[in-house]
Amino acid sequence: MPASTPAHSECLANYVGGAFDSSGNTFTNLSPVDGSVVNRVCEADAAVVNRAVAAARAALAGDWGAMGDNERSALLHKVADGIERRFDDFVQAEMADTGKSLWQARTIDIPRGAANFRVFADLARQRASECFHTTTADGRQALNYAINKPLGVVAVIAPWNLPLLLLTWKLAPALAVGNAVIAKPSEDTPSSATLLAEVMHEAGMPPGAFNLVHGFGPDSAGELLSRHPDIDAVTFTGESRTGSAIMRAAADNVKALSFELGGKNAALVFEDADFDAAVEGTAKSVFTNGGQVCLCTERVYVQRPIFDRFVAALKGRAEALRIDWPDSPDTDMGPLISHEHRDKVLAYYQLARTEGGTIVTGGGAPHFGDARDSGAWVQPTIVTGLAEQSRCVTEEVFGPFCHIAPFDTEEEAIALANASDYGLAGTVWTTNLQRGHRVAQRIHAGIVWVNTWYLRDLRTPFGGVKLSGIGREGGQHSLNFYAEPTNICIQL
Ligand code: NAD
């Protein structure tokens, strides 16, 4: 099926009810690499959002709602095929919007986008439901079983750090169990989502089952979706502060909410750790994607006997990182997502000095002497000597930044890791097996890695506690959110 209007004709279009829609205002998407214009984007206003909601509702009442599990699963595999067929286009789109390295876009972002559809297409088809043979006190018997029904119309609001990966992490399970969705990517990363709309269209997704609206948060598409009375659920990944704004907007209609929010993740490095593996793993967990992964480590606690050696080794790793053009094969780190975000991260670097910290390395922006000086680049930065209550140790920076502090005992390390308003992830480095289990189990976070970082199985529960989120995604946990059971009771 050809797209009714090419999505990229003049500006990136919205996709509503099976057609590309270029009506309304536009905004500019700038490259974080050098500040140049990547593309213009159509901003969905209230009329577009209303049309998307009506199209989604109609899809549920029509072909999409009537489709069986097997057919839906096959369709989602076709979407994954479409992503793989246009793999290079997706890689280019993701790099243009984010400045992330070719290596990362090719090995993490785009493959995971396709994998998300395959995993949830298969899991949803194989889903079992519960059944009880009931005997009541007065001697009656019944068969009680549950059927899982989609929530209805689901708004998917996604961030910019892993644009396709995180958008599809929600879209795939929501569609796999039969919801109609309205996707809103970040205003900073509209390109791969628009390609996805083309892929959905080409795969033959029934009109209205998948809709895409571009725009911002407050007073724009994000808020319009969160407040919309005919949307049943909002699934959101982004900042904790935005999560609470969405919660307030969604409260009047008591919408179902799933939130993956911010983090201030701790790594605990014990003196019995494999030193080189701990340094290498911590460098990855601090600097991957320029620190712009919610799971990145920003607080490193190192047992005192190896503290100085560890700080020196991590400094060496930070200074060896190749900060370069995204398409250079050796690039380790690209720019941050935007000039606005760069200013925020640089303000934290400055704050670290004001709060009395020692800048071990970095602390500013690199100078290139070429077009990149108009981009959103910062140096990888390590700080020591800050008080645990300081803003740099308690607030999420979301850049290539960490603070390293010493500890003496296991008990103290656990207390330091848990002394945070966030609770997304933690990492423990030790060769003592018992300590690994013992400490991991006491860290108050949604995921704890021992002697590794970011090793993921898409079937496991994923999410955060405290300010880091509500609910769990991954495998059956995602399906449990996007479909609700109805109990059917048959008296025998
Ligand atoms: P953000 O909260 O600024 O924006 C995320 C999305 O929400 C965007 O699409 C934005 O347009 C929209 N939005 C903003 N304000 C809104 C409002 N009032 N109503 C409705 N929608 C609104 O987050 P970001 O800067 O794009 O992403 C970075 C943040 O995301 C970090 O805090 C990071 O930790 C978090 N994150 C969490 C996870 C996780 O799984 N827990 C994963 C990735 C990123």
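Each chain has its residues counted from 1, running along the sequence as written. The predicted nature of this model means local features are confined to residues of pLDDT at least 70 and side-chain atom pairs, given and counted, to a pLDDT of 80 or more, with totals for whole chains, interfaces and linings taken over all residues. Only hydrogens and water are set aside when side-chain values are computed; all heavy atoms of the structure are taken into account.

Student: I keep staring at the nonpolar core and nothing clicks. Help me out?
Tutor: In summary, soluble globular proteins display a tendency toward joint burial of nonpolar side chains. In plain words, nonpolar cores are sets of buried Ala, Val, Leu, Ile, Met, Phe, Trp, Tyr and Cys residues tied together by side-chain atoms within 4.5 Å. Burial status follows relative accessibility: with a 1.4 Å probe on protein chains alone, a residue under 20% of its type maximum counts as buried, one over 50% as exposed, and anything between as partly exposed. With 94 residues, the main nonpolar core has I83, F117, L196, M205, F210 and L295 as its most contacted residues. Strands are runs of DSSP state E lasting at least two residues, helices are runs of H or I lasting at least four, and both sets are numbered from the N terminus onward. It is helix α6 (residues 163–176) that contributes the most residues to this core, 10 residues altogether. Per-domain counts for this core show at least three residues from each of domain 1 (11–261 + 468–491) and domain 2 (265–457). Ignoring sequence-local partners within four residues, the contact set of M205 consists of W64, L75, L76, V79, L175, M200 and F210. Ranked by size, the runner-up nonpolar core spans 27 residues in total, among them A266, A352, V393 and L416. The start and end points of each domain follow an automatic or database-based domain assignment. The contact criterion used throughout is that any non-hydrogen atoms of two residues lie within 4.5 Å.

Student: I would appreciate a short explanation of the domain arrangement of the chain in the present structure.
Tutor: A common way to report how large an interface is uses the accessible area buried once the components associate. Split by domain assignment, the chain resolves into domain 1 (11–261 + 468–491) and domain 2 (265–457). Once you take the C-alpha centre of each, domain 1 and domain 2 turn out to be 31 Å apart. Summing both partners gives a buried area of about 2100 Å² for domain 1 against domain 2, and 59% of it is carried by carbon and sulfur. Taken as a group, V33, W160 and S468 account for 26% of the area that domain 1 buries against domain 2, more than any other trio of residues on that side. Salt bridge, as used here: a side-chain nitrogen of Lys or Arg that lies within 4 Å of a carboxyl oxygen of Asp or Glu. If you look at where domain 1 meets domain 2, you find 0 salt bridges. Under the rule applied, a polar contact is a pair of N or O atoms within 3.5 Å (in protein, one hydrogen donor and one hydrogen acceptor; residues adjacent in sequence only if both atoms are side-chain atoms). Our count for the domain 1 to domain 2 interface comes out at 8 residue pairs in polar contact (both at pLDDT 80 or more). Those elements giving two or more residues to the side of domain 1 that touches domain 2 turn out to be α4 (87–98), α5 (102–125) and α6. Charged means Asp, Glu, Lys or Arg here, nonpolar means Ala, Val, Leu, Ile, Met, Phe, Trp, Tyr, Cys or Pro, and polar covers whatever is left, Gly included. Of the residues that constitute the side of domain 1 that touches domain 2, the class distribution is 10 nonpolar, 10 polar and 6 charged. Joining two parts hides part of their accessible area as seen by a 1.4 Å probe, and the buried area is that hidden amount summed over both.

Student: When you look at the packing of aromatic side chains in this model, what are you seeing that I'm missing?
Tutor: Each pair of aromatic rings is reported with the distance of its centres and the angle of its planes. Geometry of aromatic contacts follows a simple scheme: Phe, Tyr and Trp rings, the Trp one being its six-membered ring, pair when their centres are within 6.5 Å, and the pair is stacked under 30 degrees between planes, edge-to-face over 60, tilted otherwise. Applying the stated criterion across every chain, the model contains 14 aromatic pairs. Judged by centre distance (5.4 Å) and plane angle (65°), the ring pair of W160 and F398 falls under edge-to-face. Within this pair, whereas W160 is found in the loop between β7 (153–157) and α6, its partner F398 is found in the loop between α13 (391–394) and β16 (401–407), the two being separated by 238 residues in sequence. Pairing F236 with F259 gives two aromatic rings, centres 5.8 Å apart and planes at 80°, and the pair type is edge-to-face. Of this pair, F236 sits in strand β10 (residues 233–237) while F259 sits in strand β11 (residues 256–260); the two residues are 23 residues apart in sequence, bridging distant segments of the chain. In this pair, the class of F236 matches that of F259, namely buried. To sit over a ring, a charge needs its Lys NZ or Arg CZ within 6 Å of the ring centre and within 35 degrees of the ring normal. Seen from the ring of W169, R112 lies directly overhead, with NZ or CZ sitting 5.0 Å from the centre. Its end group placed over the ring of F275, R309 keeps NZ or CZ at 3.7 Å from the ring centre.

Student: Is there a simple way to explain the state of the cysteines in this structure?
Tutor: The term disulfide refers to a covalent linkage connecting the sulfur atoms of a pair of cysteines. Cysteine sulfur atoms that pair up within 2.5 Å are treated as a disulfide. As enumerated under the stated definition, the model contains 1 disulfide in all. This cysteine, C131, is not joined by any disulfide, and C489 carries the nearest cysteine sulfur, 11 Å off. Assessed through its relative accessible area of 46%, C131 is described here as partly exposed. C402 forms no disulfide, and the closest cysteine sulfur to it belongs to C296, at a distance of 10 Å.

Student: Looking at this structure, I do not really get unusual backbone geometry. What am I missing?
Tutor: Most peptide bonds adopt trans geometry, and most residues besides glycine take a negative phi value. In this structure, D219 is a non-glycine residue whose phi angle is positive, near 55°. Among the secondary structure elements, D219 is positioned in the loop between β9 (210–212) and α8 (221–227).

Student: Is there a simple way to explain the side chain of Q104 in this structure?
Tutor: Here Q104 shows up in helix α5. We classify Q104 as buried; its relative accessible area is 5%. Of the polar contacts made by the side chain of Q104, one reaches the side chain of D109; its length is 3.2 Å. Excluding its chain neighbours within four sequence positions, the residues that come into contact with Q104 are D109, L162, T288 and N289.

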